[in-house]
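In case you want the letters, here they are:
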Amino acid sequence: MKAVTIFIITLLLSFYIAQCSNYDQLSKNETDPLVKYKVEFDSTNFDQEMALEELREQIKGWENDPSESVYLNIQTLNKIPAGKFLSIMNTDYSKALGVTCLHCHDAMDWSSDKKAAKNIAREMSKMVDQINNNILADIEALGERTGAVTCNTCHRGDKKPELNKEGL
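All values derive from a computational prediction rather than experimental measurement.

K.L.:
Tell me about the overall build of the protein, residues and numbers included.
P.N.:
The secondary structure content of the protein amounts to six helices and two strands. What you see in the protein, going N to C, is helices and strands ordered as α-β-β-α-α-α-α-α. For the protein, the proportion of its 168 residues judged to be buried stands at 30%. Here the analysis covers contacts within the protein between residues at least 6 apart in sequence; of these, 45% occur between residues at least 24 apart. For the protein, the accessible surface area stands at approximately 11,500 Å², while carbon and sulfur atoms represent 57% of it.

Okay, structure coming up:
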């Protein structure tokens, strides 16, 4: 009888774990109804626009909240409103590098840091901030003109920028 009970508990636990693995955590707030949501797209046939629509739907009502209060593991762009955060990811990162979300993210766990590209993007973001906020600000000859670099400044739609462009 004890073995049967252990077997049933193990079986129920494995079903529970399997069920949990089909969900991803979006919000830090455990009382929010969106803490867990079913991922409804297949990463092998990833449709970025559909994924962004899914995420926009998930954050409805929180679009103007700071990104770090809506998403997990936000280390850069943490003061940006959650709705604008998705636009920045899509335009300033994805399009500038000519990649989809899957270049940096695991569609089953958006907060995961297991892809090196995500950590590289964070470091590159720090570099861009330093250039824009410190280095360009110190160039007196610019005067009132403001300059800014973005991912697109170097990448121009390519994952790996060509560092020695001819004719420059």
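K.L.:
Just give me the short version of the pattern of salt bridges, but keep the residues and values in it.
P.N.:
One pass over the full model with this rule turns up seven salt bridges. The partner of lysine 60 in a salt bridge is glutamate 57, with the nearest N and O atoms 3.3 Å apart. Of the residues examined, lysine 60 reaches a relative accessible area of 51% and is grouped as exposed. One salt bridge in this structure joins aspartate 113 and lysine 118, with 3.6 Å as the shortest N-O distance. Residue classification places aspartate 113 among the partly exposed residues on the basis of a relative accessible area of 32%. On the basis of relative accessible area, lysine 118 is assigned to the buried category, the value being 8%. Connected through salt bridges with shared partners, the residues Asp113, Lys118 and Arg122 form a single ionic network.

K.L.:
Outline the state of the cysteines, supporting the account with residue identities and numerical values.
P.N.:
Going through the model one piece at a time under the given rule, you end up with zero disulfides. The thiol of cysteine 101 is not disulfide-bonded; the next cysteine sulfur, from cysteine 104, is found 9.0 Å away. What makes cysteine 104 buried here is its relative accessible area of 15%.

K.L.:
Tell me about unusual backbone geometry, residues and numbers included.
P.N.:
Here leucine 77, not a glycine, exhibits a phi torsion of approximately 60°, which is positive. Here leucine 77 lies in the loop between α3 (67-70) and α4 (82-97). By relative accessible area, which is 21% here, leucine 77 ends up partly exposed.

K.L.:
Let's hear about helix α2 (residues 48-58): which residues, and what values?
P.N.:
Within the span of α2, buried status applies to Gln48, Ala51, Leu52, Glu54, Leu55 and Gln58. An end-on view of α2 places all buried positions within 155° of arc, on one side of the element. For α2, the side-chain oxygen to backbone nitrogen distance between the N-cap and glutamate 49 is 3.1 Å, and the N-cap itself is aspartate 47.

K.L.:
A description of the nonpolar core should follow, citing residues and the corresponding values.
P.N.:
Within the largest apolar cluster, 16 residues are counted, with the highest numbers of intra-cluster contacts made by Phe46, Ile59, Val70, Tyr71, Leu86 and Trp110. Listed in part, the nine residues of the second largest apolar core include Tyr93, Ala96, Leu97 and Val99.

K.L.:
Tell me about the environment of asparagine 132, and please be specific about residues and values.
P.N.:
With respect to the helices and strands, the residue asparagine 132 is situated in helix α5 (residues 116-135). In this structure the C-alpha to C-alpha distance between asparagine 132 and valine 149, which are 17 residues apart in sequence, comes to 6.5 Å. Reaching out from asparagine 132, the side chain makes a polar contact with the backbone nitrogen of valine 149 at a distance of 2.7 Å.

K.L.:
Break down α4 for me, citing the residues and quoting the values.
P.N.:
Its 16 residues place the ends of α4 22 Å apart at the C-alpha level, agreeing with the 22 Å of an ideal helix rising 1.5 Å per residue. Of all bends in α4, the biggest is about 30°, found at isoleucine 88. Within α4, burial applies to Ala82, Phe85, Leu86, Ile88, Asn90, Tyr93, Ser94, Ala96 and Leu97. Residues of α4 that are buried make contact with α2, α3, α5 and α6 (151-155). Looking one or two residues past α4, glycine 98 carries a phi angle of roughly 65°, positive in sign.

Conventions adopted
Residues numbered from 1 in each chain as written. Predicted model: local features only at pLDDT ≥ 70, side-chain atom pairs only at ≥ 80, totals over all residues. Heavy atoms only, no water. Helix = DSSP H or I, 4+ residues; strand = E, 2+ residues; numbered from the N terminus. Buried < 20%, exposed > 50% of the residue type's maximum accessible area, 1.4 Å probe, protein only. Contact = heavy atoms within 4.5 Å. Areas by Shrake-Rupley, 256 points an atom, 1.4 Å probe, with all protein chains shown as cover. Salt bridge = Lys/Arg side-chain N within 4 Å of Asp/Glu carboxyl O. Disulfide = S-S within 2.5 Å. Arc of directions from axis to C-beta. Polar contact = N/O pair within 3.5 Å; in protein donor to acceptor, adjacent residues only side chain to side chain. Core = buried A, V, L, I, M, F, W, Y, C linked by side-chain atoms within 4.5 Å. Expected span 1.5 Å × (residues − 1). Bend = angle between axes of the 7 residues up to and from the residue.

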